[in-house]
Amino acid sequence: MKSLLRKVSSSIIKPFLPKYEVVCTSYQVIPGHPVNGNQQKHTFEKGASEEARKFYVKVINSDMTRTMAPVEVHLKRRGRTIEKQHFGPVDELKKFNIVYKG
């Protein structure tokens, strides 16, 4: 009976839970050209806050992310940024003309 109530309550509540995504933007600077910004989005199911948070922490702690500077990583809930981390001179690069790919 309890498992039936859990299934019913989760199917009723789940559509109202927020959607999460992790957005990783890497910037490539070539002198004489506009700055290239490559975005990769990883979306998660509604209500999957734990999985999104674990993935965000995994990306932040990755050696590849740290050595690939300049990189900016966002954890978003319902399209709003909850947490943000950047490696390298991202703020200075945003002043230039950026062409986003991907």
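The rules behind each value
Residues numbered from 1 in each chain as written. Predicted model: local features only at pLDDT ≥ 70, side-chain atom pairs only at ≥ 80, totals over all residues. Heavy atoms only, no water. pLDDT = per-residue confidence, 0-100. Helix = DSSP H or I, 4+ residues; strand = E, 2+ residues; numbered from the N terminus. Buried < 20%, exposed > 50% of the residue type's maximum accessible area, 1.4 Å probe, protein only. Pairing = 2+ DSSP bridges. Salt bridge = Lys/Arg side-chain N within 4 Å of Asp/Glu carboxyl O. Core = buried A, V, L, I, M, F, W, Y, C linked by side-chain atoms within 4.5 Å. Contact = heavy atoms within 4.5 Å.

Averaged over every residue, the pLDDT of the protein is 87; residues scoring 70 or more account for 90%. The least confident element of the protein, judged by mean pLDDT, is helix α1 (residues 2-13) at 68; the most confident is strand β3 (residues 71-77) at 95.

Before going further, it helps to spend a moment on the pairing of β3. A large share of β3 lies buried, amounting to five of its seven residues. Bridging between strand β1 (residues 19-28) and β3 involves seven bridges; their strand directions are antiparallel. From the neighbouring strand, Glu21 faces β3, where its bridge partner is Lys76. In textbook terms, the turn of a hairpin is the stretch between consecutive antiparallel strands, and for β3 and strand β4 (residues 80-87) this stretch comprises two residues, one of which, Arg78, has a positive phi near 55 degrees.

Looking now at the pattern of salt bridges. All chains considered together, the criterion is met by two salt bridges. The salt bridge involving Glu83 is made with Arg53; its shortest N-O contact spans 2.8 Å. Residue Glu83 is found in strand β4, and its partner Arg53 is found in helix α2 (residues 49-61); the two are separated by 30 residues along the sequence. Since its relative accessible area comes to 27%, Glu83 is described here as partly exposed. Since its relative accessible area comes to 37%, Arg53 is described here as partly exposed. Lys94 serves as the salt-bridge partner of Glu72, at 3.0 Å between the closest nitrogen and oxygen. Placement of Glu72 in strand β3 and of Lys94 in the loop between α4 (90-93) and β5 (98-101) is noted, with a sequence separation of 22 residues between them. Residue classification places Lys94 among the partly exposed positions, given a relative accessible area of 41%.

Right, let's get into the nonpolar core. Core analysis: the largest hydrophobic core is formed by 13 residues, its most contacted members being Val22, Phe44, Ala52, Tyr56, Ile60, Val73 and Leu75. If we ignore the near neighbours within four places in the chain, the residues touching Val73 are Val22, Val23, Cys24, Tyr56, Val59, Ile60, Thr65, Glu83, Lys84 and Gln85.

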